[in-house]
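Working through the structure, step by step
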Amino acid sequence: MDKKVYFFGNGRAEGSKEQKLILGGKGAGLAEMTNIGIPVPPGFTITTKVCRYYFQNKKYPNGLDKEIQGALLELEKITGKKFGGKENPLLVSVRSGAAISMPGMMDTILNLGLTLETLKGIIEKTGNERFSWDAYRRLIQMFGNVVDGIEHEKFEHILEEIKQKKGIRLDTELDVRDLKDVVDGYKKLYRQEKGESFLDDAKEQLDKAIKAVFESWSNPRAIAYRRINNISESKIFGTAVNVQAMVFGNMGEDCGTGVAFTRNPSTGNKAPYGEYLTNAQGEDVVAGIRTPLHLDDLKEDEEEVYEQLMLVAQKLERHFEDMQDLEFTIENGSLYLLQTRAGKRTAAAAIKIAVDMQEEGLIDEKTAMMRVEPNQIHQLLHPTLDLAKKEKYKVIAHGLPASPGAVSGEVVFSAEEAIEAAEENRKTILVRLETSPEDVAGMNAAQGILTARGGMTSHAAVVARGMGKCCLVGCEEIAVSEKSGFFQAGDVKINRGDVITLDGSTGEVFRGEVPTVEPSLSEDFGILMRWADKYKKLGVRTNADTPKDARTAREFGAEGIGLCRTEHMFFKEDRIFAVRQMILSETREEREKALEKIYPMQKDDFYKLFEIMKGLPVKIRLLDPPLHEFLPQEEKDFIALSQEMGISLEKVKEKTKSLFEFNPMMGHRGCRLGITFPEIYQVQVRAIIDAACELKKKEGIAVNPEIMIPLIGHVRELQVIKEDLLPVIEERIKKAGVKIDYELGTMIEIPRAAITAGEIAKEADFFSFGTNDLTQMTFGFSRDDAGKFIKEYVKRGILLVDPFQTVDQDGVGELMKRAVLAGKKANKDLTVGICGEHGGDPETIHFCHQIGLDYVSCSPYRVPVAKLAAAQAAIENK
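For the structure given in this document, a descriptive report is provided here. (Residues numbered from 1 in each chain as written. Predicted model: local features only at pLDDT ≥ 70, side-chain atom pairs only at ≥ 80, totals over all residues. Heavy atoms only, no water.)

Mapped onto the elements, Phe-7 comes out in strand β1 (residues 5–9). Here the alpha-carbon distance between Phe-7 and Cys-564, two residues 557 residues apart in the chain, equals 60 Å. Leave out the neighbours within four places in its chain, and Phe-7 touches Arg-12, Ala-13, Glu-14, Gly-43, Phe-44, Ala-71, Glu-74, Leu-75 and Ile-78. (Helix = DSSP H or I, 4+ residues; strand = E, 2+ residues; numbered from the N terminus. Contact = heavy atoms within 4.5 Å.)

This brings us to the sheet that holds strand β19 (residues 448–451). Taken in spatial order, the eight strands of this open sheet run β15-β25-β24-β17-β18-β19-β20-β16, and their pairing is mixed. Taken across any chain shown, the strands that pair with only one partner, and hence form the sheet edges, are β15 (395–398) and β16 (400–403). Geometrically, the sheet is characterised by an average inter-axis angle of 30° between neighbouring strands, direction not taken into account. Here three bridges tie β15 to strand β25 (residues 508–511), and the two strands are oriented antiparallel to one another. Following the sheet pairing, Val-395 is matched in β25 by Phe-510. (Pairing = 2+ DSSP bridges. Axes fitted to C-alpha atoms, helices over the stretch in contact; angles between N-to-C directions.)

On to the nonpolar core. Phe-610, Ile-709, Phe-769 and Met-816 are the most contacted members of the largest nonpolar core, which has 133 residues in total. Among the elements that take part in this core, helix α28 (residues 678–699) stands out by supplying 11 residues, more than any other. Counting contributing residues per domain, this core is built from domain 1 (247–345) and domain 3 (536–626 + 661–877), each supplying no fewer than three. Leaving out residues up to four positions away in the same chain, Ile-709 has contacts with Leu-622, Cys-671, Tyr-681, Leu-718, Ile-721, Leu-725, Leu-744, Gly-745, Thr-746 and Met-747. Counting 92 residues, the second-largest nonpolar core is a separate cluster that includes Ala-71, Leu-75, Val-182 and Met-456. (Core = buried A, V, L, I, M, F, W, Y, C linked by side-chain atoms within 4.5 Å. Buried < 20%, exposed > 50% of the residue type's maximum accessible area, 1.4 Å probe, protein only. Domains from an automatic or database assignment.)

Along a regular strand, successive side chains alternate from one face of the sheet to the other. Buried residues dominate strand β10 (residues 273–278), accounting for six of its six residues. Covered by surrounding structure in β10 are Tyr-273, Glu-275 and Leu-277 together with Gly-274, Tyr-276 and Thr-278, the residues of both alternating faces. Inspection of the sheet shows strand β9 (residues 256–261) paired to β10 by six bridges, in the antiparallel sense. Among the inter-strand pairings, Val-259 is bridged to a residue of β10, identified as Glu-275. Of the strand pairs in this sheet, β10 and strand β11 (residues 293–294) are connected by two bridges, and their pairing is antiparallel. Each bridged residue has a counterpart across the sheet, and for Tyr-276 the counterpart in β11 is Leu-293.

Let us now look at the pattern of salt bridges. In total, this model carries 63 salt bridges according to the counting rule given. Asp-533 is paired through a salt bridge with Lys-867; the nearest N and O atoms lie 3.2 Å apart. Note that Asp-533 is positioned in helix α20 (residues 523–535) and Lys-867 in helix α36 (residues 863–876), a separation of 334 residues in sequence. Judged by its relative accessible area of 38%, Asp-533 is partly exposed. (Salt bridge = Lys/Arg side-chain N within 4 Å of Asp/Glu carboxyl O.)

Summed over the entire model, instances satisfying the criterion amount to 17 aromatic pairs. Ring plane angle 35° and centroid distance 5.3 Å describe the contact between Tyr-54 and Tyr-60, whose orientation is recorded as tilted. Note on Tyr-60: relative accessible area 28%, which makes it partly exposed. Arranged with centres 5.5 Å apart and planes meeting at 55°, the rings of Trp-217 and Phe-237 form a pair that is tilted. (Phe/Tyr/Trp six-rings, centres within 6.5 Å; stacked < 30°, edge-to-face > 60°.)

Here it is as structure tokens:
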């Protein structure tokens with residue numbers, strides 16, 4: 001292996017910001033800050049390559065220890081201190097840092113190198129006995145938890161007991177004697193849990209800490225975070241380890257630690273935002289153990305340090321050309337930067353920051369678009385609380401609005417409860433004293449998060465913003481009893497299972513479920529969408545079966561309808577009787593008579609969709625599901641149907657039984673219905689063409705209906721159906737006396753269709769990939785039952801993601817690619833799209849761009865997501 005350790009310090013670093021894959025985000029940031037003159041404590045970074053080697057070989061690469069010792073000697077030389085030395089001891093921190101930011105998911109240990117001997121040296125050197133014992137108790141707790149797996153809560157219990165005995169609330173109120181008692185308690189716990197004393201050798205502490213931080217790459221919370229955020233280990237593997245000279249924010253009142261953002265991560269406003277604590281170490285702010293002060297307070301307490309921090313923040317934002325998330329420590333009035341990274345932000349903030357930075361000339365339009373995650377946009381399209389109605393609900397508490405949104409749900413007090421409820425499709429609010437990284441899966445499962453402690457830069461706030469979850473933190477008005485399953489807000493007691501509502505814009509907590517209204521979108525959102533239209537190559541259509549869906553999609557900029565499912569129209573109350581009458585008919589004549597009742601309703605449906613789309617393409621899929629889905633399932637419904645139809649109950653049951661299929665998804669459905677009962681499809685196309693002709697006559701709107709045949713697997717199926725339908729279509733156009741253009745094509749959702757696409761394309765005007773069915777038939781998974789095992793497949797690495805959410809590019813994608821190439825070769829005018837939920841998935845959209853599709857189609861609320869993803873695909877693949 002090549003170079004394994006990169007040094008930084010004294011204004012010189014061996015790495016740079018371009019080396020994130022090797023040094024991790026934190027290491028690359030520290031190197032870059034050092035190179036541009038930012039005050040950074042010196043240290044060294046062990047690369048992600050070492051981590052990968054360690055996991056593959058269960059040992060370190062040759063020569064690593066020698067490189068670490070060389071870097072440690074250089075660190076001692078720069079600082080004038082000795083690691084493990086008695087007189088002027090060097091203490092270090094060991095921090096993780098992957099190439100992609102995973103806040104709080106991996107481990108950190110501070111104050112390494114403190115032993116009974118070096119503790120004396122620190123006391124003599126600093127003359128600050130309280131600080132020295134505070135640093136020592138912190139080391140024992142962090143080392144015990146991270147390296148030796150002793151539960152964090154057990155240490156906290158000892159600390160809280162001593163605070164309660166003394167009648168104090170804050171850690172900073174503990175004196176030297178108290179801290180010695182805490183250390184004694186911690187060491188006693190250590191002996192009970194591990195059967196040995198706390199490690200009293202600085203070199204061994206460092207070795208074990210480095211190993212533990214590497215191993216934290218595969219801890220449950222890190223694995224869950226990567227799964228939730230679709231971080232592929234095939235592209236990004238391993239964490240770097242950063243060993244850095246300690247600077248201390250817990251030496252007294254002229255010391256402190258904090259987190260700052262160069263712009264507001266919640267709103268995007270161009271104003272520094274942050275929090276800090278005096279006499280504290282960094283983990284106190286991030287973990288939310290104490291509710292911190294605002295940066296404005298730092299301006300009052302330490303104006304010179306504040307001004308220096310503002311200059312550093314401005315310099316880093318301009319250098320990295322993005323909003324930065326900074327960690328800093330103040331030691332005896334001197335400022336040090338411990339981290340810079342692109343800050344996690346809400347959807348609204350992401351868009352505002354991108355647009356503002358483009359207007360400021362800091363970045364161009366393409367870069368601005370790449371700064372917004374397409375899936376983030378979905379957050380902005382969700383409802384907000386109804387201002388008129390929320391006044392009628394009781395506000396029981398106020399927290400800090402860390403991440404916006406408006407959500408209601410049952411109160412739960414653990415991550416496990418939230419996950420279990422999500423599996424049962426129950427909405428929850430996760431209420432905690434403070435969250436920890438172990439809660440990440442539960443935070444993802446819950447609709448919202450409420451914590452009693454912590455600030456706007458705490459773990460809960462940062463992770464929730466990244467997930468797009470509504471989150472209130474630092475809600476000190478509530479007393480949380482997690483074990484007993486309730487929280488108290490003044491005189492109001494909220495029990496497990498009670499419903500509350502969070503307003504992520506105001507920080508208000510309401511009792512009950514507050515009604516919501518549709519959101520209003522900002523001008524910045526409009527600018528982003530205009531940029532997307534400018535750069536994207538793929539068309540973006542919508543899946544819409546109703547006028548409401550069609551109007552919504554048009555408002556979001558849909559360029560037509562890519563899928564109208566006609567069967568959804570059949571289930572309406574005013575027509576289900578006619579549908580059932582058609583199914584129970586014994587002869588073609590009886591079926592046609594029943595279908596005549598459906599015809600005017602279908603024509604009206606299509607007319608409304610055509611009218612809303614104003615000449616944009618409308619792709620209508622003819623009847624697809626098996627007929628038994630339209631028949632009742634319960635005895636009372638059988639009786640009602642027999643009475644409605646005027647036929648015997650036995651006959652209704654007999655007909656229903658005759659339609660039973662062992663595998664209906666692969667049975668008598670789709671084009672097979674159209675072949676055995678051609679009158680069904682003939683009535684549907686008559687309604688489509690008549691509606692298009694009527695609209696053109698009345699309003700002069702040129703409609704281009706696209707008639708889509710489902711489930712074609714053989715070219716002869718399509719030929720036979722065309723023989724049945726084309727005469728009807730031409731006859732209706734001739735009768736109307738107007739000229740309209742129409743297309744007739746097919747879905748590609750059966751593997752055989754993809755393989756024989758060249759033949760089918762000669763008979764089709766278009767292809768539309770139905771990837772839900774194509775996925776289930778390619779894998780042999782039932783999409784209705786796959787949920788029972790897909791999660792385990794993803795968890796165990798058999799599949800990277802659920803193939804019903806993101807297209808499986810290696811298998812299903814290969815069939816798609818083959819079909820596009822063969823289809824367009826056989827028919828140069830063939831248009832090819834995708835419909836179904838995959839059409840709104842950003843990763844799938846990138847793939848669709850790469851293989852040459854003409855458009856994607858998705859649900860109305862995914863249209864902006866698809867537009868941005870399509871633009872990003874065009875930029876990345878230029």
